[in-house]
Amino acid sequence: MSTAAATAGERTGRAKPATMAQALGRALRDSMAEDPTVHVLGEDVGTLGGVFRVTDGLAKEFGDERCTDTPLAEAGILGAAVGMAMYGLRPVVEMQFDAFAYPAFEQLVSHVAKMRNRTGGAMPMPITVRVPYGGGIGGVEHHSDSSEAYYMATPGLHVVMPATVDDAYGLLRESIASDDPVVFLEPKRLYWSKADWSPDAPASVEPIGRAVVRRPGRSATLITYGPSLPVCLEAAEAATAEGWDLEVVDLRSLVPFDDETVAASVRRTGRAVVVHESSGFGGPGGEIAARVTERCFHHLEAPVLRVAGFDIPYPPPMQERHHLPGVDRVLDAVARLQWEAES
Amino acid sequence: MTVQELPGAAVYRPTPPPAWKPLTDPAPLLPDPEPFRVLGTDAAAGADPELLLRLYAELVRGRRYNAQATALTKQGRLAVYPSSTGQEACEIAAALVLEDRDWLFPSYRDTLAAVARGLDPVEALTLLRGDRHTGYDPREHRIAPLCTPLATQLPHAVGLAHAARLKGDDVVALAMVGDGGTSEGDFHEALNFAAVWRAPVVFLVQNNGFAISVPLAKQTAAPSLAHKAVGYGMPGRLVDGNDAAAMHQVLSEAVARARRGEGPTLVEAVTYRMDAHTNADDATRYRGDSEVETWRAHDPIKLLERELTGRGLLDEDGMSTVREGAERMAEGLREQMNADPVLDPMDLFAHVYEQQTGQLREQADRLRVELDAEHGPNDENDENGVGDGR
């Protein structure tokens, strides 16, 4: 995260290296300190501090009643959070691992996402559902799913995913403050990514739903988010050897979707590749490619391509490197962007 | 900086739960083998006459409401109506045992409980009428939206009751579910959470014999649904769901227990659904007339009538007065339901998010263009040029 690191350093002058997990924990802590109605609940979030230590220290500082170890039951956790939100609390629930969230899917889809709508606006659901998600950490099955397509297909939910330490803090603060429910997808393999960052003067954050250009370029746009951002930034650096100057857009949020930033970038570059690690078929890339095509057709020099995970159940850890889109696969797609049309 | 030093922190300090002792003897949690009864027993003499008369009036009103709503489905005024005829004692007792500050979590069959709690009879029907999902503000009435998915409202009741206790509020949540709903995972998770958190919740299972067509014997192998409570560490109570006095007593005790901070109770009301699952269901395919007739003899209104007339608390005049009141309610309901609701199609986009996303703004603009084409932009019914959707 060289960009974020540089920004943080300039901002405070005394930033220290921090991991994404630490920034997330700090965001929870600051939100709880500022707003006594913020409650954290989930499996192992209390004494243990979460299996990824994101909630470390919260129970000690705020007590078991505000950082609560719940029974092991995801539907129960989220269902209880619905009732807590109905009574004016602001629950932040942890789903421990992506595939563990599926038992809570009915609560999420039928109640969390719809309650505002069902009640004609009378009953908002200020719930943040933190989901450690995605692969690349050598997890065994059911620990590496990319589930964003399920969530983004559900009206009423915001779907947010940070890719930098700054965004981990800022977007989580924004999500907790939001009166709408947010599915907050935390890329597990970036938990230990570090940037120079100062918790005492954290960057102010744009509202949920703004994409950001992480690397300006002229030749083509890589559209990505979450765990694939570092891959795309690395690919963009490598591409300079081929004479390609790639722009990298970090979506930061799939819902709402920032059509303006994405379309403006593609209109400048005329070419686009969508990169994500979740499966391609029925995945976010198809939606993004369609939106880009609808808005930028006359600016496009080539079809919008997708680089995605294969359409397979998430593979066992010894095979996952073949599934996850890496730098080479991104560069290969860039090479297929009909460059001959330019000459 | 600790939480105590922070501005605003004094506003709200969560209250810890009451101390909990591990239970060594499960016997007090076990339900009695026979459903608890008051009417027709010696205990009836101790029942408050005023309460019995109130229950009677509400039961008659409730039955009339069920009949009127079912009739409205035949006229196309209601999309569907799951009648609670035969179950009125459960519905009414659930509403009457709660204080204003308490919360009711009804299922889709519990319109009557919501009305008995004071909800406008038309507002209570917006879901089943199909004009909007929830026609009332749940916070204003402390009635959660009528819940169509099975048992998913139970964890909400637990969370709300838990939150209220954390805030130091003296609030109880009563959550209603059917016998079929007890097979759902959310039923289990809700009971477990409630027991572990000692949440002030009362779970009321209306065992009406069938989950659409599936009888209880194919739903569970438990000795009774009330027995399920023991496994969670809460008391289970079995009660005659057609005995309004018994229902009121058992639920009152459970509510009082919750309010005292002693945790949740599971109440199984043994009752019977006299009508089909909804107006769209044919109950003759899965049950015989003789069974229905047996239950007709155990009708909740008749049981109470017998008690009240036997004690000289109610005569033919009194019954007529109650019936006339119910008839006026039905008339009013009919009249209001026969008026077409005025709907604004743009409301479709109004409450998806607090602030509309760009995508929804685009789609709303498209619908507006369609409506303008349909009605003309200067439709006199609507100054925004939207049309009224009729």
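Residues numbered from 1 in each chain as written. Chains lettered and ligands numbered in written order. Predicted model: local features only at pLDDT ≥ 70, side-chain atom pairs only at ≥ 80, totals over all residues. Heavy atoms only, no water.

Student: Give a description of the overall build of chain B that names residues and reports values.
Tutor: Secondary structure summary: chain B contains 13 helices and seven strands in total. The principal-axis extent of the C-alpha atoms belonging to chain B is close to 70 × 70 × 40 Å. Classification of the 390 residues of chain B by burial places 52% in the buried group. For chain B, the share of sequence-separated contacts (at least 6 apart) that also reach a separation of at least 24 residues comes to 74%. When the accessible area of chain B is evaluated, it comes to approximately 17200 Å², of which 50% is carbon and sulfur surface. Averaging the positions of the 39 positive and the 60 negative side-chain charges in chain B gives two centres separated by 4 Å. (Helix = DSSP H or I, 4+ residues; strand = E, 2+ residues; numbered from the N terminus. Buried < 20%, exposed > 50% of the residue type's maximum accessible area, 1.4 Å probe, protein only. Contact = heavy atoms within 4.5 Å. Areas by Shrake-Rupley, 256 points an atom, 1.4 Å probe, with all protein chains shown as cover. Lys, Arg positive; Asp, Glu negative; His and termini not counted. Charge placed at Lys NZ, Arg CZ, Asp CG, Glu CD.)

Student: Pulling in residues and values, what's your account of the nonpolar core?
Tutor: Most often, soluble globular proteins have nonpolar side chains that are buried together. If you look at the biggest cluster of nonpolar residues, it comprises 91 residues, and the most contacted ones within it are L78(A), M86(A), L251(A) and F203(B). Those residues in contact with F203(B) that sit more than four places away from it in its chain are L154(B), V158(B), A175(B), A190(B), L191(B), A194(B), M234(B), P264(B), T265(B), L266(B) and V267(B). (Core = buried A, V, L, I, M, F, W, Y, C linked by side-chain atoms within 4.5 Å.)

Student: How would you sum up the interface of chain B and chain A? Please name residues and give values.
Tutor: With 50 residues of chain B at the interface, the matching set in chain A holds 55 residues. Contact with chain A buries area across many residues of chain B, yet H156(B), H351(B) and Y353(B) alone supply 15% of it, more than any other trio. At the boundary of chain B and chain A, one finds two salt bridges. Across the salt bridge formed by E362(B) and R295(A), the nearest N and O atoms sit 3.1 Å from each other. Applying the counting rule to chain B against chain A returns 20 residue pairs in polar contact (both at pLDDT 80 or more). Elements represented by at least two residues in the side of chain B that touches chain A include exactly β1 (103–105), α5 (138–141), α6 (153–166), α7 (185–197) and α13 (358–375) of chain B. Ranked by the residues each element gives to the side of chain B that touches chain A, the list is headed by α6(B), at nine residues. Its residues assigned to classes, the side of chain B that touches chain A comprises 27 nonpolar, 14 polar and nine charged. (Buried area = accessible area lost by both parts, 1.4 Å probe. Salt bridge = Lys/Arg side-chain N within 4 Å of Asp/Glu carboxyl O. Polar contact = N/O pair within 3.5 Å; in protein donor to acceptor, adjacent residues only side chain to side chain. Nonpolar A, V, L, I, M, F, W, Y, C, P; charged D, E, K, R; others polar.)

Student: Talk me through the environment of R334(B); I want residue IDs and the actual numbers.
Tutor: Residue and element names in this part refer to chain B. The topology assignment puts R334 in helix α12 (residues 316–337). In this structure, the C-alpha to C-alpha distance between R334 and A71, residues 263 residues apart in sequence, is 9.4 Å. With sequence-adjacent residues up to four places away left out, R334 is seen in contact with R64, Q68 and E327.

Student: Describe the packing of aromatic side chains, listing the residues and the values that go with them.
Tutor: For the structure shown, the criterion picks out 14 aromatic pairs over all chains. When the centroid spacing of 5.4 Å and the interplanar angle of 55° are considered together, the rings of Y169(A) and W197(A) count as tilted. Here Y169(A), found in helix α8 (residues 165–177), pairs with W197(A), found in strand β8 (residues 194–197); they are 28 residues apart in sequence, far enough to count as distant. With a centroid separation of 6.3 Å and an interplanar angle of 75°, the aromatic rings of F210(B) and Y272(B) are classed as edge-to-face. Here F210(B), found in strand β4 (residues 210–211), pairs with Y272(B), found in the loop between β7 (265–270) and α10 (289–296); they are 62 residues apart in sequence, far enough to count as distant. Accessibility expressed as a relative area gives 2% for Y272(B), which makes it buried. An aromatic cluster is present here, built from F52(A), F97(A), F100(A), Y191(A) and W192(A) joined pairwise through their rings. (Phe/Tyr/Trp six-rings, centres within 6.5 Å; stacked < 30°, edge-to-face > 60°.)

Student: Give a description of the pattern of salt bridges that names residues and reports values.
Tutor: Residue and element names in this part refer to chain B. In total, this model carries 40 salt bridges over all chains according to the counting rule given. Close ionic contact of D240 with R37 constitutes a salt bridge, the shortest N to O distance being 2.9 Å. Taken together, the residues D240 in strand β6 (residues 236–240) and R37 in the segment before α1 (49–74) connect sequence positions 203 residues apart. For D240, a relative accessible area of 2% puts it in the buried group. Look at R37 and you get partly exposed, because its relative accessible area is 36%. The residue E262 makes a salt bridge to R260 at a minimum N-O spacing of 2.7 Å.

Student: Quick one: what's the story with the packing of helix α2 (residues 20–34) of chain A against α8(A), residue by residue and with numbers?
Tutor: Residue and element names in this part refer to chain A. α8 packs onto α2 with a crossing angle of 30° between their chain directions and a minimal axis gap of 8 Å. Here α2 lies roughly parallel to α8, going by the angle between them. When you trace α2 past α8, the crossing you get is right-handed. Across the interface between the two elements, M20, A23, L24, R26, A27, L28, D30, S31 and E34 from α2 touch V165, A168, Y169, L172, R173 and I176 from α8. (Axes fitted to C-alpha atoms, helices over the stretch in contact; angles between N-to-C directions. Parallel < 35°, antiparallel > 145°, perpendicular 65-115°, else oblique. Left-handed = near helix turned anticlockwise from the far one by under 90°.)

Student: Now, about unusual backbone geometry: what can you tell me, with residues and values included?
Tutor: Residues and elements named next belong to chain A. Of the consecutive residues V255 and P256, the connecting peptide bond is found in the cis state with omega at -5°. Locating P256 in the fold gives a position in the loop between β12 (253–255) and α10 (259–269). The backbone of R53 shows a phi angle near 65°, a positive value even though the residue is not glycine. Summarising the element assignment, R53 is placed in the loop between β2 (38–42) and α3 (58–62).

Student: Report on the sheet that holds strand β4 (residues 90–94) of chain A, specifying residues and quantitative values.
Tutor: Residue and element names in this part refer to chain A. One open sheet holds the seven strands; their spatial order is β3-β2-β4-β5-β7-β6-β12, and the pairing between them is mixed. Because the sheet does not close on itself, it has two edges, and the strands there are β3 (67–69) and β12. Neighbour to neighbour, the strand axes of the sheet diverge by 20° on average, direction disregarded. Bridge analysis of β2 against β3 gives three bridges, and the strand direction is parallel. Pairing of L41 across the sheet is with T68, part of β3. (Pairing = 2+ DSSP bridges.)

Student: Which residues make up the sheet that holds strand β11 (residues 246–250) of chain A, and what values go with them?
Tutor: Residues and elements named next belong to chain A. Pairing is mixed in the open sheet, where five strands are placed in the order β9-β11-β10-β13-β14. Every interior strand has two partners, whereas the edge strands, β9 (212–215) and β14 (305–309), have only one. Taking the axes of each pair of neighbouring strands and ignoring which way they run, one obtains an average angle of 25° across the sheet. Bridge count between strand β10 (residues 220–224) and strand β13 (residues 272–279): four bridges; the pairing is parallel. Across the sheet, the residue bridging to T224 is V275, located in β13. Strands in contact with helix α9 (residues 229–239) are β9, β10, β11 and β13; relative to β11, the strand with the most contacts, it is inclined by about 170°.

Student: So what about the confidence of the model for chain B? Which residues, and what values?
Tutor: All names here are of chain B. On average, residues of chain B score 91 in pLDDT, and 91% of them are at 70 or above. For residues 383–390, every residue scores under 50 in pLDDT, and the model assigns this stretch 22 contacts once sequence neighbours within four places are set aside. Interface confidence for the predicted complex, expressed as ipTM, amounts to 0.92; the pTM equals 0.92. (pLDDT = per-residue confidence, 0-100.)

Student: Please give an account of the pairing of β6(B) that cites residues and values.
Tutor: All names here are of chain B. With respect to burial, β6 is a largely interior element, four of its five residues being buried. Pairing geometry for β6 and β7, over five bridges, is parallel. Each residue of the ladder has a partner; that of G236, found in β7, is L266.

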